[in-house]
Amino acid sequence: MLSVQDLVVTYGRVEAVRGVSFDAQPGSLITLVGANGAGKSSVINAVSGIIRPRSGTILFEGQDITRWPAHKLVAQGLVQVPEGRQVLGTLTIHENLQLGGWHTGDSAAISEVYDRFPVLAERRELPAGALSGGEQQMLAIGRALVARPRLILLDEPSMGLAPKIVDEVFSVIQEIRASGTTVVLIEQNARRALRAADHGYVLASGEIAHQGPAAELLADDRVVQAYLGV
Ligand code: ATP
């Protein structure tokens, strides 16, 4: 479904990502975890076309999509939920969802999002800025779902949310995966992300330090001590 090979991302002289390779099988949930600044966002921003990698190859459903612009990738079914949600606060909830389907005008997809998130349906005419942080995260996820992605990339969806809301976000992520969509999840909350994932990659200083089935990483003392805090 997704195969990233030898990805390098630089910002001027800063080498943020130094030869990262990983795969996501169709219908799986994989996670990239690691400390602040490890390079997680740079990796998925390169995959979703938000930034251009310096080198490396990105294959999506067998097609070489390296350096494709984000809008073309969205139309192909690869959609990112950005860090910090990035909902448009002065637009209504409904308008934010319409933006998710700008290329299809798929109003049935918006209805499905309302069915999944009744709180958004109730408030559809309110400005998105009036929602709580957790509700804005649901809106950001809903906006991505309107595009009917086959691959969804989530950048720190639990950031800044209360524990109960984090539970809700993780159950939505599991539902998305259960519906057959492949999920790539970026999280600083490594333990939580690994519990949810099939396969995990631990990034450190722009490189993959550990990888494996998520349950094995959770049971690996080196990973626990260095990245999960004991
Ligand atoms: P975070 O959790 O803070 O988002 P991250 O693991 O996602 O961290 P990145 O945001 O990918 O890490 O950052 C990796 C490295 O690249 C860091 O050293 C960061 O300072 C640097 N970096 C990121 N974006 C830029 C930029 N636009 N210009 C210069 N350096 C950048």
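Conventions we followed
Residues numbered from 1 in each chain as written. Predicted model: local features only at pLDDT ≥ 70, side-chain atom pairs only at ≥ 80, totals over all residues. Heavy atoms only, no water. UniProt positions renumbered as here; feature names shortened; annotations may be inferred. Near = heavy atom within 4 Å. Polar contact = N/O pair within 3.5 Å; in protein donor to acceptor, adjacent residues only side chain to side chain. Areas by Shrake-Rupley, 256 points an atom, 1.4 Å probe, with all protein chains shown as cover. Helix = DSSP H or I, 4+ residues; strand = E, 2+ residues; numbered from the N terminus. Nonpolar A, V, L, I, M, F, W, Y, C, P; charged D, E, K, R; others polar. Pairing = 2+ DSSP bridges. Axes fitted to C-alpha atoms, helices over the stretch in contact; angles between N-to-C directions. Contact = heavy atoms within 4.5 Å.

The name recorded for the protein in an unreviewed UniProt entry is ABC transporter ATP-binding protein, from Ornithinimicrobium cryptoxanthini. Per its UniProt entry, the protein bears the Sequence similarities (unreviewed entry) comment "Belongs to the ABC transporter superfamily."

With that settled, consider the site of the ligand. The full set close to the ligand counts 13 residues, and Asn36, Gly37, Lys40, Ser41 and Ser42 are the nearest of them. A distance of 2.6 Å separates an oxygen atom of the ligand from a polar atom in the backbone of Ser41. At a separation of 3.4 Å, an oxygen atom of the ligand approaches a polar side-chain atom of Glu83. Contact with the protein chains removes 60% of the 620 Å² of surface that the ligand exposes when unbound. Top contributing element to the shell around the ligand by residue count: helix α1 (residues 40-47), with three residues. Here the shell around the ligand is built from residues that sort into four nonpolar, six polar and three charged.

A separate point is the pairing of strand β2 (residues 14-24). Bridge count for strand β1 (residues 2-11) against β2 is eight bridges, and the pairing is antiparallel. Following the sheet pairing, Val4 is matched in β2 by Phe22. Adjacent in sequence and paired antiparallel, β1 and β2 are bridged by two residues, among which Gly12 carries a positive phi angle near 55°.

Take the sheet that holds strand β6 (residues 78-81) next. Strand order across the open sheet formed by six strands is β6-β7-β8-β3-β9-β10, with mixed pairing between neighbours. Where the open sheet ends on each side, the last strands, each with one partner, are β6 and β10 (207-213). The mean angle between the axes of side-by-side strands here comes to 15°, regardless of whether they run parallel or antiparallel. Packed on one face of the sheet, helix α6 (residues 133-146) meets β6 and β7 (151-155) and runs near 170° to β6.

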